[in-house]
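Here is how the chains run, residue by residue.
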Amino acid sequence: MKQTQLSLPILVGTHRKDNISSQVGRYLYEKIQKRTNITPDLFLASDIVLPQDDYGQALNNTVPSYAHAIQNSDGIIIVTPEYNHGYPGTLKSILDLFLDEYMHKVAGIVGVSSGRFGGVRVVEQLLPVLRELGLVTIHTDVYVSEAQTYVGEKATKDTTVLDESIEKFLDELSWMGSVLQQGREQT
Ligand SMILES: Cc1cc2nc3c(=O)[nH]c(=O)nc-3n(C[C@H](O)[C@H](O)[C@H](O)COP(=O)(O)O)c2cc1C
């Protein structure tokens, strides 16, 4: 299969003040920039003003840059903290803005937590939502446990293992994203 160029926006799904997930999103963005086959874009939930008009419609002028990115993307990478074993309501609302625009595109999830479990429960919670949106999930996730020790000003830990998991994740996203892109073009 030929390697194709993919456009993959990163959505950081929390608007909590001083959240660490945005730092993880920026870290991931920089990693992706080093790849030649993925064009990333970074969107923070805190920058997206949720509209009052109908959800599930692309006709949404309140968040034009995000709408444009999703419409023209090959999928989405979601960076989400785990809040009470679930996803932030803000993230769900932003995902609900669109429907058809996600169809047959790839989705990858990066779970973030300050504790030891790296958001494993929020990743499980999010999978059925993404499926219902028509996104195709991959079997490889990234779990950033004790996130504040890997990214941000207070980071102290060696990132070798995290970086390896990110590369594996991006390899899988690239494979599935390319397959789906070719499928959409040819079908
Ligand atoms: C409302 C709330 C609920 C949380 N629930 C969980 C949780 O269920 N599991 C967990 O590992 N961490 C939980 N945390 C802690 C987060 O892991 C921590 O805030 C981490 O920094 C990631 O979130 P952030 O991007 O908002 O900073 C919670 C934090 C908040 C603010």
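Reference entry: report on the structure contained in this document. (Residues numbered from 1 in each chain as written. Predicted model: local features only at pLDDT ≥ 70, side-chain atom pairs only at ≥ 80, totals over all residues.)

## Quick word on the overall build of the chain
Part 1: Across its full length, the chain holds five helices and six strands.
Part 2: Ordered by position from the N terminus, the helices and strands of the chain form the series β-α-β-α-β-α-β-α-β-β-α.
Part 3: For the C-alpha atoms alone, the extent of the chain along its principal axes is close to 45 × 45 × 25 Å.
Part 4: Within the chain, the proportion of its 187 residues that are buried is 39%.
Part 5: By sequence separation, contacts in the chain at least 24 residues apart represent 79% of the contacts at least 6 residues apart. (Helix = DSSP H or I, 4+ residues; strand = E, 2+ residues; numbered from the N terminus. Buried ≥ 20, exposed ≤ 12 C-beta atoms within 10 Å, placed from the backbone. Contact = placed C-beta atoms within 7 Å.)

## Side note on the site of the ligand
Part 1: The environment of the ligand is formed by 16 residues, the closest being Asn 19, Ser 21, Pro 81, Tyr 83 and Ser 113.
Part 2: Of the residues contributing to the shell around the ligand, the split by class is six nonpolar, eight polar and two charged. (Near = placed C-beta within 6 Å. Nonpolar A, V, L, I, M, F, W, Y, C, P; charged D, E, K, R; others polar.)

## A few points about the nonpolar core
Part 1: If you look at the biggest cluster of nonpolar residues, it comprises 49 residues, and the most contacted ones within it are Val 24, Ile 78, Val 79, Val 110 and Val 144.
Part 2: Looking at this core, the element that brings in the most residues is helix α5 (residues 160-186), giving six residues.
Part 3: Not counting chain neighbours up to four residues away, the residues in contact with Val 144 comprise Val 24, Val 110, Gly 111, Val 112, Gly 118, Tyr 150 and Leu 162. (Core = buried A, V, L, I, M, F, W, Y, C linked by C-beta atoms within 7 Å.)

## Considerations on unusual backbone geometry
Part 1: A positive phi angle is found at Asp 18, which is not glycine, with a value near 55 degrees.
Part 2: Inspection of the secondary structure assignment puts Asp 18 in the loop between β1 (6-12) and α1 (21-33).
Part 3: Unusually for a residue other than glycine, Asn 84 sits at a positive phi of about 50 degrees.
Part 4: For Asn 84, the position within the fold is in the loop between β3 (75-81) and α3 (89-95).

## Quick notes on the environment of Val 142
Part 1: Within the secondary structure, Val 142 is located in strand β6 (residues 142-144).
Part 2: The buried category is assigned to Val 142, around which 23 C-beta atoms lie within 10 Å.
Part 3: Between the C-alpha atom of Val 142 and that of Val 112, which follows or precedes it by 30 residues, the distance is 8.5 Å.
Part 4: Here Val 142 is in contact with Val 110, Ser 165, Ile 166 and Phe 169, once residues within four sequence places are set aside.

## Let's talk about the environment of Ser 93
Part 1: Tracing the chain through its elements places Ser 93 in helix α3.
Part 2: Since 15 C-beta atoms lie within 10 Å of it, Ser 93 is described here as partly exposed.
Part 3: In this structure the C-alpha to C-alpha distance between Ser 93 and Ser 7, which are 86 residues apart in sequence, comes to 22 Å.

## Some thoughts on helix α4 (residues 120-132)
For an α-helix the count is 3.6 residues per turn, leaving residues at separations of three or four pointing the same way.
Part 1: At Leu 126, α4 shows its largest kink, close to 25 degrees, and the proline Pro 128 lies no more than four residues downstream.
Part 2: Burial in α4 covers these residues: Val 122, Val 123 and Leu 126.
Part 3: Next to the buried residues of α4 lie β3 and β4 (106-112).
Part 4: Remark: Gly 134 follows α4 within two positions and exhibits a positive phi of approximately 95 degrees. (Bend = angle between axes of the 7 residues up to and from the residue.)

## Points about the pairing of β3
Part 1: Burial within β3 is extensive, with seven of its seven residues counted as buried.
Part 2: Taking every second residue as pointing to the same face, both faces of β3 are buried, with Gly 75, Ile 77, Val 79 and Pro 81 on one and Ile 76, Ile 78 and Thr 80 on the other.
Part 3: Judged from the three bridges that link them, β1 and β3 form a sheet pairing that is parallel. Among the inter-strand pairings, Val 12 is bridged to a residue of β3, identified as Val 79.
Part 4: Note that β3 and β4 share seven bridges and pair parallel. (Pairing = 2+ DSSP bridges.)

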